[in-house]
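The residues making up each chain are set out below.
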Amino acid sequence: MDGDMTRLRCGFDFGTSNTTIGLADGGPARLVPLEGSAETLPTAVFYGETVHQVSYGRAAMGDYLAGEPGRLMRSIKSVLGTSLMDETTSVGERRLHFAAIIADFIREVKRRAEIHLGAEIDTVVQGRPVRFVEESEVADHKAQEALAHALKSCGIRHVKFQYEPVAAARHWEATSSGEALALVADIGGGTSDFSVIRLQPRHQDRLDRSGDVLGNYGIRLGGTDFDRMLSLRRVMPELGMGRKLQVKNLDAPVWIYTRLATWSQINTLYAPKSMRDIRWAINHGDDPAFDRLDTVVHQHLGHRIAGDVEKGKIDLSVGGQATIALDYIEQGLHLAVTECDLEEAIAAGLQRLGAAVDECLTRAGVRPEDVTLLILTGGSTEIPMVRNVISGRLRHAKVVSCNTFGAVGLGLAQEAASLR
């Protein structure tokens, strides 16, 4: 960007499933269009066979589904804090570090926003989950450091982090007038994050509001995990999971199906060694399900299946039944799924969500009946049973939804605007 151009402070919500950039430039916070008129950009990158063939967001998904040769990368945020950050993955004849893939995506988001705004983004308040990594403080700290490095490598000079549910509360507070003791639940693609906060709109211009945040808690569980659980329950058995091989009465290797059902691990199946091991299992499986598995891995259909499972989950959120159409694997293969299927598939996840709410209240030192407002944001709060398990613990609280996909970015933008 031109050195004399205006420099902006923005909110940056780099998410597991979707990414937004928000700006508050003297008026109400707003989200910047990142793909046509869309204010959300799916966190997806497609690398074609040549160095210059790279697409992002919906275009990346479109290129993949159109059968373009190359590699689709989704849920790239989930590698932060894991050993994958230090590893490479093959993209055609190239090998790229996962850190470089994250930086590529952030750089493109920044570029698009700057073109729209006609100014350079100099400073961001970046959202972060309460915990990138649950079991290790060291890994959690490394995840934030890695994300800060990626942002700064793209030309962003100043980076501040804020918990995502705290940012969502800030946005809600700017659009309401009443005081409340609120629990904010932000259930996104990769994590579930909770904060107990005193909402006091008359104090929203104060620079330091840390005293109003009574407690935070988060777990590494989100929409992509619910996708995985539903896939393992309804789809993977149709590809051989749980079926016997003709070798010493062995079951088909579970790792194949676990990876195939997990957005961030699908590409690992297409590595030569994995393909050899899968071929061995297919050759020793006497069941039509293994023929379907053969089709899936050799035509690289993993992401397409995951996308259709995700769509089925979303359809179930607005109706009692959905169909996962897999006729691109085998003609006539359509799987009916019900709310009961989804609830049974994600039962363990729902238990963890309930326990996380309880833990957040404990850390905040408040009782469930003290909470007067429950603010829900993040795409996974659209799932009825997710809403119910949280609201069921706060029976005295008014339940409100807060800009499902934009609240965090908007709240981060408001905080960025208040920086001095």
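Above this text is the structure in question.
Below is a summary of the structure that appears in this document. Here the structure is a predicted model, which is why all the values come from computation and not from measurement.

Some remarks on the sheet that holds strand 17 (residues 373-377)
Reasoning step 1: With mixed pairing, the 5 strands of this open sheet are ordered in space as 14-13-12-17-18. The open sheet terminates on both sides in strands that have one partner only, identified here as strand 14 (213-219) and strand 18 (398-401). Across this sheet, the average inter-strand angle for adjacent strands is 20°, counted without regard to direction.
Reasoning step 2: Lying over the sheet, helix 12 (residues 384-391) contacts strand 12 (180-187), strand 13 (192-199), strand 17 and strand 18, oriented at roughly 155° with respect to strand 17.

Notes on helix 13 (residues 407-418)
Reasoning step 1: With 12 residues, helix 13 should cover 16 Å at 1.5 Å per step; its first-to-last C-alpha distance of 17 Å lies within 8% of that length.
Reasoning step 2: Across the 12 residues of helix 13, 11 count as buried, placing the element largely inside the fold.
Reasoning step 3: Buried within helix 13 we find Ala407, Val408, Gly409, Leu410, Gly411, Leu412, Ala413, Gln414, Glu415, Ala416 and Ser418.

Re helix 4 (residues 164-174)
Reasoning step 1: With 10 of its 11 residues buried, helix 4 lies for the most part within the structure.
Reasoning step 2: Of all the positions in helix 4, only Glu164, Pro165, Val166, Ala167, Ala168, Ala169, Arg170, His171, Trp172 and Glu173 are classed as buried.

Quick notes on the packing of aromatic side chains
Reasoning step 1: With the rule as written, the count across this model stands at 2 aromatic pairs.
Reasoning step 2: Note on Phe14 and Phe105: the rings are 6.0 Å apart at their centroids and 40° apart in plane angle, and the pair reads as tilted. Separated by 91 residues along the polypeptide, Phe14 in strand 1 (residues 7-14) and Phe105 in helix 2 (residues 98-117) bring together distant segments of the chain.
Reasoning step 3: Look at Phe105 and you get buried, because its relative accessible area is 0%.
Reasoning step 4: In textbook terms, an aromatic cluster arises when at least three aromatic residues are bridged by ring pairs, as seen for Phe14, Tyr56 and Phe105.

Comments concerning the pairing of strand 10 (residues 120-128)
Reasoning step 1: Burial analysis of strand 10 places 9 of its 9 residues in the buried class, the great majority of the element.
Reasoning step 2: When strand 1 meets strand 10, the two strands line up parallel, connected through 6 bridges. Counterpart to Leu8 in the pairing with strand 10 is Ile121.
Reasoning step 3: Where strand 10 meets strand 11 (residues 158-163), 6 bridges bridge the pair, whose relative direction is parallel. Residue Gly127 lies in a different strand from strand 11, and its bridge partner there is Gln162.
Reasoning step 4: Taken together, strand 10, helix 3 (residues 137-153) and strand 11 form a β-α-β motif whose crossover is right-handed.

Topic: the packing of helix 11 (residues 347-364) against helix 12
Reasoning step 1: Contact geometry for helix 11 and helix 12: axes closest at 9 Å, N-to-C directions at 30°. The element helix 11 and its partner helix 12 pack so that their crossing is right-handed. Between helix 11, through Leu350, Leu353, Gly354 and Val357, and helix 12, the contact on the second element is made entirely by Met385, Val386, Val389 and Ile390.
Reasoning step 2: Its residues assigned to classes, the contact of helix 11 with helix 12 shows 7 nonpolar, 1 polar and no charged.

Some points on the sheet that holds strand 5 (residues 44-48)
Reasoning step 1: The antiparallel open sheet is built from 3 strands, whose spatial order is 6-5-7. Each end of this open sheet is capped by a strand with a single partner; those strands are strand 6 (54-56) and strand 7 (70-74). Each adjacent strand pair in this sheet contributes to an overall mean axis angle of 15°, direction not counted.
Reasoning step 2: Where strand 5 meets strand 6, 3 bridges bridge the pair, whose relative direction is antiparallel. The residue of strand 6 that forms the bridge with Tyr47 is Val54.

Focus on the pairing of strand 17
Consecutive side chains along a regular strand alternate between the two faces of the sheet.
Reasoning step 1: Strand 17 sits mainly inside the fold: 5 of its 5 residues count as buried.
Reasoning step 2: Both faces of strand 17 are covered, namely the face carrying Leu373, Ile375 and Thr377 and the face carrying Leu374 and Leu376.
Reasoning step 3: Inspection of the sheet shows strand 12 paired to strand 17 by 5 bridges, in the parallel sense. The residue bridging Val184 from the neighbouring strand is Ile375, located in strand 17.
Reasoning step 4: Handedness of the crossover joining strand 17 and strand 18 through helix 12: right-handed.

Rules behind the numbers
- Residues numbered from 1 in each chain as written.
- Predicted model: local features only at pLDDT ≥ 70, side-chain atom pairs only at ≥ 80, totals over all residues.
- Heavy atoms only, no water.
- Pairing = 2+ DSSP bridges.
- Helix = DSSP H or I, 4+ residues; strand = E, 2+ residues; numbered from the N terminus.
- Axes fitted to C-alpha atoms, helices over the stretch in contact; angles between N-to-C directions.
- Contact = heavy atoms within 4.5 Å.
- Expected span 1.5 Å × (residues − 1).
- Buried < 20%, exposed > 50% of the residue type's maximum accessible area, 1.4 Å probe, protein only.
- Phe/Tyr/Trp six-rings, centres within 6.5 Å; stacked < 30°, edge-to-face > 60°.
- Right-handed = clockwise from strand over helix to strand, strands pointing away.
- Left-handed = near helix turned anticlockwise from the far one by under 90°.
- Nonpolar A, V, L, I, M, F, W, Y, C, P; charged D, E, K, R; others polar.

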